[in-house]
Amino acid sequence: MSRWKGLPAELDPRVRQLVVRLRRLKDHGGLSARQLAAKTGYSTSSWERYLSGRSLPPREAVEAMARVVGEDPTRLLALHELAAEAWTERRGNASEGRAGHVVESVPRPRRSARPWIRTRTAVVVGAVALVLAVSTTVLLVVRLDGNGGEQRAAPSATPSWSMLSPTPSEPSYTCRPQRIDGLWYGGNSRTKEAVLAKGLVGRDVAEAQCLLRRAGYAPGAIDGIYGPLTERAVKQVQRKVGLVVDGIIGPHTWEALRG
């Protein structure tokens, strides 16, 4: 198995998933960088940039790798589409010229953000005004006591802020490890292939957190959020079983967690 260097910490999780998948395909195919270059038509230096996360591989390079290792390109191309979107968002202020130099794009005028700011301000002001109006109405509702002289505020429930801006219920996850057919499951997901990295959320992450806790590592809360504590726990497992210590959960790490 290749001893890959860790990917840049600032790399978007969507790009990270694509790069990790390409690395594993190269390893499974037993290809050296030169062999990969010869079979795909892309240079060795290009593949070194693609597999280190320094450059986004073009769609054609991804298809070529899939063809070389006998992989169905559908999933790879789906990952590439997400990675390209993330790459465009991050590199939105620069584009790569044909000669290989970077050409800075014209900065967007700051005025473009103002309508959104005005809209948000209007919503906040409107909500505050509504609270004040309701509070004022409650204070003005009075009733006379039996003697007809003293005025007291009528009992009324004060509206809470949650009435104005309700929050959606957060998903809840379980952690009840049980061994089925020789493998451990936490009750959230049965995946053995999902690629997980820092910044991702969902049931697969909660499953990994539960299995990490079962194995004696501390991933933090079982909240389905792949944060720093979960990444640290994953690296501890990888180091113990002799895997690449990159903090990314792939098929080999799943095998260690479920085994």
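Residues numbered from 1 in each chain as written. Predicted model: local features only at pLDDT ≥ 70, side-chain atom pairs only at ≥ 80, totals over all residues. Heavy atoms only, no water.

## Structural notes on the environment of T44
Turning to its location among the elements, T44 is positioned in helix α3 (residues 44-52). The sequence separation of T44 and A33 amounts to eleven residues, and the corresponding C-alpha distance is 5.6 Å. Not counting chain neighbours up to four residues away, the residues in contact with T44 comprise A33, R34 and A37. (Helix = DSSP H or I, 4+ residues; strand = E, 2+ residues; numbered from the N terminus. Contact = heavy atoms within 4.5 Å.)

## Overview of the pattern of salt bridges
For the structure on display, the rule yields four salt bridges. Taking the shortest distance from any N to any O, the salt bridge between R258 and E207 comes out at 2.9 Å. With R258 in helix α10 (residues 251-258) and E207 in helix α8 (residues 203-214), this pair connects stretches of sequence that are 51 residues apart. R258 sits in the buried class, given a relative accessible area of 2%. Three or more residues joined by partner-sharing salt bridges are found here, namely D12, R14 and E89. (Salt bridge = Lys/Arg side-chain N within 4 Å of Asp/Glu carboxyl O. Buried < 20%, exposed > 50% of the residue type's maximum accessible area, 1.4 Å probe, protein only.)

## Points about the confidence of the model for the chain
On average, residues of the chain carry a pLDDT of 77, and 69% of them reach 70 or more. The model gives residues 96-117 a pLDDT under 50, and that stretch makes eleven contacts with residues more than four places away or in other chains. Long-range and interchain partners of residues 138-169, a stretch whose pLDDT sits below 50, account for 22 contacts in this model, where long-range means more than four residues apart. (pLDDT = per-residue confidence, 0-100.)

## Describing the packing of aromatic side chains
The geometry of two aromatic rings is summed up by the distance between their centres and the angle between their planes. A complete count under the given rule lists one aromatic pair for this structure. When the ring of W47 is compared with that of Y50, the centres are 5.4 Å apart and the planes differ by 80 degrees; the resulting orientation is edge-to-face. Taken as a pair, W47 and Y50 lie in helix α3 at a separation of three residues, close to a single helical turn. The exposure class of W47 is buried, given its relative accessible area of 1%. Classification of Y50 by relative accessible area gives buried; the value is 7%. R214 extends its terminal NZ or CZ atom over the ring of W184, reaching a point 4.2 Å from the ring centre. (Phe/Tyr/Trp six-rings, centres within 6.5 Å; stacked < 30°, edge-to-face > 60°. Lys NZ or Arg CZ within 6 Å of the ring centre and 35° of its normal.)

## A word on the side chain of Q17
Looking at the element boundaries, Q17 is found in helix α1 (residues 13-29). A residue is classified by how much of its surface remains accessible, and Q17, at 17% relative accessible area, is buried. The residues touching Q17, leaving out its near neighbours within four places in the chain, are L79, V195 and L200.

## With respect to the packing of α8 against α10
Look at α8 against α10: their axes get within 9 Å of each other, and the N-to-C directions meet at 45 degrees. On the basis of their axis angle, the class for α8 and α10 is oblique. The two elements α8 and α10 cross, and the hand of that crossing is left-handed. Where α8 abuts α10, its residues D204, E207, A208, L211, L212 and R214 lie against W254, L257 and R258. A breakdown of the residues in the contact of α8 with α10 according to their chemical character gives five nonpolar, no polar and four charged. (Axes fitted to C-alpha atoms, helices over the stretch in contact; angles between N-to-C directions. Parallel < 35°, antiparallel > 145°, perpendicular 65-115°, else oblique. Left-handed = near helix turned anticlockwise from the far one by under 90°. Nonpolar A, V, L, I, M, F, W, Y, C, P; charged D, E, K, R; others polar.)

## What to know about the state of the cysteines
Enumeration according to the criterion identifies one disulfide in this entry. Across a sulfur-sulfur distance of 2.2 Å, C175 and C210 are joined as a disulfide pair. One quick way to see it: the torsion about the S-S bond of C175 and C210 is about 90 degrees, and its sign makes the bridge right-handed. A residue pair is termed long-range when its members are at least 10 positions apart, and C175 in the loop between α7 (161-164) and β5 (178-180) and C210 in helix α8 qualify at 35 residues. Residue C210 is classed as buried on the basis of its relative accessible area, which comes to 0%. (Disulfide = S-S within 2.5 Å.)

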